[in-house]
Amino acid sequence: MRKNRSAALAAAAFLLVSGAAIAAAPSAYAGTPGSTRASDRNSDFNGDGYEDVLVGAPGATVSGKKGAGLVTVQYGSSSGIGTSNAARFSQSTAGVAGAAEAGDGFGKAVATGDLDGDGYDDAIVGIPGEDIGTVKDTGGVAILWGSKSGLSGGLSDWLETEEPTAGEQFGTALAAAHFTNETPGDLLAVLDRYDLELFAYEDSAQKTLKRRSTERLAAQDEPRAITPQSLTTGDYDKNGFADLVVSGLSADEQPGYGWSTLLSGHADGLAYERDLRGGPVAASGDLNKDGYDDLVFGEPHSPDDTYGETMTGGLVTVRLGGPDGPAAEPDWWVQDSPGVPGVAEPGDGWGSDLSIADTDGDGYDDVAIGADGEDIGSVKDAGAVWVLRGSASGLTASGAKSWDQNSANVPGAAEKGDKWGAQVRLTDPNRDGRFGLLAAAPGEDTNDGRVWVLSAGTGGITASGSWTYGAGSLGAPYVDSLFGAAIDE
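Now for a description of the structure that goes with this document. (Residues numbered from 1 in each chain as written. Predicted model: local features only at pLDDT ≥ 70, side-chain atom pairs only at ≥ 80, totals over all residues. Heavy atoms only, no water.)

1. Observations regarding the overall build of the protein chain
Of regular secondary structure, the protein chain possesses 1 helix and 33 strands. Burial statistics for the protein chain: of 489 residues in total, 62% are counted as buried. For the protein chain, contacts bridging at least 24 residues in sequence account for 59% of all contacts bridging at least 6. Of the roughly 16500 Å² that the protein chain leaves accessible, carbon and sulfur atoms contribute 47%. (Helix = DSSP H or I, 4+ residues; strand = E, 2+ residues; numbered from the N terminus. Buried < 20%, exposed > 50% of the residue type's maximum accessible area, 1.4 Å probe, protein only. Contact = heavy atoms within 4.5 Å. Areas by Shrake-Rupley, 256 points an atom, 1.4 Å probe, with all protein chains shown as cover.)

This is the structure we're talking about:
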């Protein structure tokens, strides 16, 4: 239950699909003021110039409450991330609003952004299972403000929906970026089961986030019925303002296909642009080094045939950015595409998660692709991860690589239900210009969860020297914690 609440203006919610239920999808992308490319994301909580890593463990038992959840932060340095320079936060942390309760799911969604424009990035934590008073699972969002000393529970704020509704799950997905010049910092987008709400920092003696109108987000014509699941941002038209993509599944006469809504950023705010085929997973980066962010979708469970190809093993869709935003004609990728390792099989979940950044320092962003349902031999749903390279023409299979827990130099072994690659993140915590890979297996050790670290060299990602850690490695409760169920993008 919450303890305090920010002041709020009257809500103006953007209704995506009335009454349609969605599954929680923690993927989110945090953009930076004036630029949203993966190479300069907002993940530096202490302002030292090194990227930090925020990980959610929504199943963790906190203060004896199973599934209350927690998050961890690992601060980057010249030697990258480790298990010593880390901190843990939950609703039992002093100063964090609310109290740990069973099933809250603190950390089921995470994002970052410099919300108050002070130069320190802030951590945004979704709590979709939060009860407000007697209203069950209405959800909430905690803001942990960044500072010179990093994140602190004493520097926190709280957001909730204006009219709590049972099962609303406010905080299901999150994203923050510089969408407009109307605010001193990044604008925060929060998704629940039904609506998208926007919040902006209001400059005052006390840090406060207030609701912003979403009137301009409504489609001019009859919008496609889309059940929203995730959020991502990127500057696809290179106008200096981030665009917001609300990604989900179709909820019309042909349900279950990936579809998304593009909201374009401008100096005076966000506005509805158009709907795009692709989703419910999305990420952004500059694959062809032309200065425009490109939009990549993952559709891990497409219902049947799409555009003449069988996609039941999973589909990745690439739309290159340009003056008019994401391209109307996409490139479609599956495991059976020439040059991609592996074979497409039903239930693989290829595209379960995505991350985009430059892994080898050549200036072209690359795409990490998770497949949490991939079978390794006879081991069901063990999971695997691919990295496909960027090039002058966009995504290419040249030099494509894949790994699983049975790959050489990868610690551990493939086990049923590990879901290795359910979350992937390319990160550069040592600031060498090459982004290494974090691959999470929230099902590892019967749902304790772990994260693997694969470094990046001149040839890109390598399993040589890779290592793994869990919530217990960071001094946090680990039993059934689902550590790695969310990693900030």
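This is not the end of the story, as more comes after the structure.
2. What to know about the sheet that holds strand β24 (residues 366-371)
The antiparallel open sheet is built from 4 strands, whose spatial order is β23-β24-β25-β26. Of all strands in the sheet, those with a lone pairing partner are β23 (350-357) and β26 (394-403), marking the two edges. Ignoring which end each strand starts from, the neighbouring axes of this sheet average 25° apart. (Pairing = 2+ DSSP bridges. Axes fitted to C-alpha atoms, helices over the stretch in contact; angles between N-to-C directions.)

3. Overview of the packing of aromatic side chains
Under the defined criterion, the tally for this structure stands at 6 aromatic pairs. Taken together, a centroid distance of 6.0 Å and an interplanar angle of 65° make the contact between W145 and Y201 edge-to-face. One end of the pair, W145, is in the loop between β7 (140-144) and β8 (156-159); the other, Y201, is in strand β11 (residues 195-202), with 56 residues separating them in the sequence. Of the residues examined, Y201 reaches a relative accessible area of 11% and is grouped as buried. Between the aromatic rings of W350 and W386, the centroid separation amounts to 6.1 Å while the plane-to-plane angle is 85°, which identifies the pairing as edge-to-face. Of this pair, W350 sits in strand β23 while W386 sits in strand β25 (residues 384-391), and the two are 36 residues apart along the sequence. Comparing W350 with W386 shows no difference in burial state: the two are buried. Taken together, W467, Y469 and F483 form an aromatic cluster joined through their ring pairs. In this arrangement the basic side chain of K289 is found over the ring face of Y364, its NZ or CZ atom lying 4.4 Å from the centre. If you follow R431 out to its NZ or CZ, it ends over the ring of Y50, 4.4 Å from the centre. (Phe/Tyr/Trp six-rings, centres within 6.5 Å; stacked < 30°, edge-to-face > 60°. Lys NZ or Arg CZ within 6 Å of the ring centre and 35° of its normal.)

4. Description of the environment of G470
Position of G470 among the secondary structure elements: in the loop between β32 (467-469) and β33 (486-487). The class for G470 is buried, based on a relative accessible area of 4%. Remark: the alpha-carbon pair of G470 and V451, spanning 19 residues in sequence, is separated by 6.3 Å. Apart from the residues lying within four places of it in its own chain, the contact partners of G470 are G449, R450 and F483.

5. With respect to the sheet that holds strand β15 (residues 258-266)
Taken in spatial order, the 4 strands make up an open sheet running β13-β14-β15-β16, and their pairing is antiparallel. The open sheet has two edge strands, β13 (226-234) and β16 (269-277), and neither has a second partner. Strand-to-strand twist in this sheet, taken as the mean axis angle between neighbours without regard to direction, amounts to 25°. Across 8 bridges, β15 lies against β16 in antiparallel orientation. Looking at β16, one finds that H266 is bridged to G269.

6. Side note on the pairing of strand β21 (residues 315-319)
For β21, a buried count of 5 out of 5 residues is recorded, marking the element as mostly surrounded by other parts of the structure. Residues L315, T317 and R319 point to one face of β21 and V316 and V318 to the other, with burial holding for every one of them. Sheet topology places strand β18 (residues 294-299) next to β21; 5 bridges connect them, and they run antiparallel. By the bridge assignment, L295 is partnered in β21 with R319.

7. Looking at the pairing of β26
Two elements, β25 and β26, share 6 bridges in a ladder whose sense is antiparallel. Paired with G390 across the strands is L395, a residue of β26. If you look at the hairpin formed by β25 and β26, you'll find 2 residues sitting between the two strands.

8. Description of the pattern of salt bridges
Scanning all chains against the criterion turns up 6 salt bridges. The partner of K136 in a salt bridge is D131, and the shortest N-O contact between them spans 3.6 Å. Judged by its relative accessible area of 52%, K136 is exposed. A residue is classified by how much of its surface remains accessible, and D131, at 14% relative accessible area, is buried. Across the pair E299 and R277 runs a salt bridge, and its minimum N-O distance is 2.6 Å. Of the two residues, E299 sits in strand β18 while R277 sits in strand β16, which places them 22 residues apart along the sequence. (Salt bridge = Lys/Arg side-chain N within 4 Å of Asp/Glu carboxyl O.)

9. A short note on unusual backbone geometry
In this structure, the amide linkage connecting G279 to the following residue, P280, adopts the cis form with an omega of 10°. The backbone of K289 shows a phi angle near 55°, a positive value even though the residue is not glycine. Mapping K289 onto the fold places it in the loop between β17 (281-285) and β18. By relative accessible area, K289 is classed as partly exposed at 45%. In this structure, T446 takes a positive phi of about 50° despite not being glycine. Tracing the backbone through its elements, the reader meets T446 in helix α1 (residues 444-447).

10. As for the environment of G484
With respect to the helices, strands and loops of the structure, G484 is situated in the loop between β32 and β33. Overall, the relative accessible area of 0% leaves G484 in the buried class. Taking the C-alpha atoms as reference, G484 lies 9.6 Å from G107; in sequence the two are 377 residues apart. Aside from chain neighbours lying at most four places away, what touches G484 is V55, G56, Q423, A440, P442 and V451.

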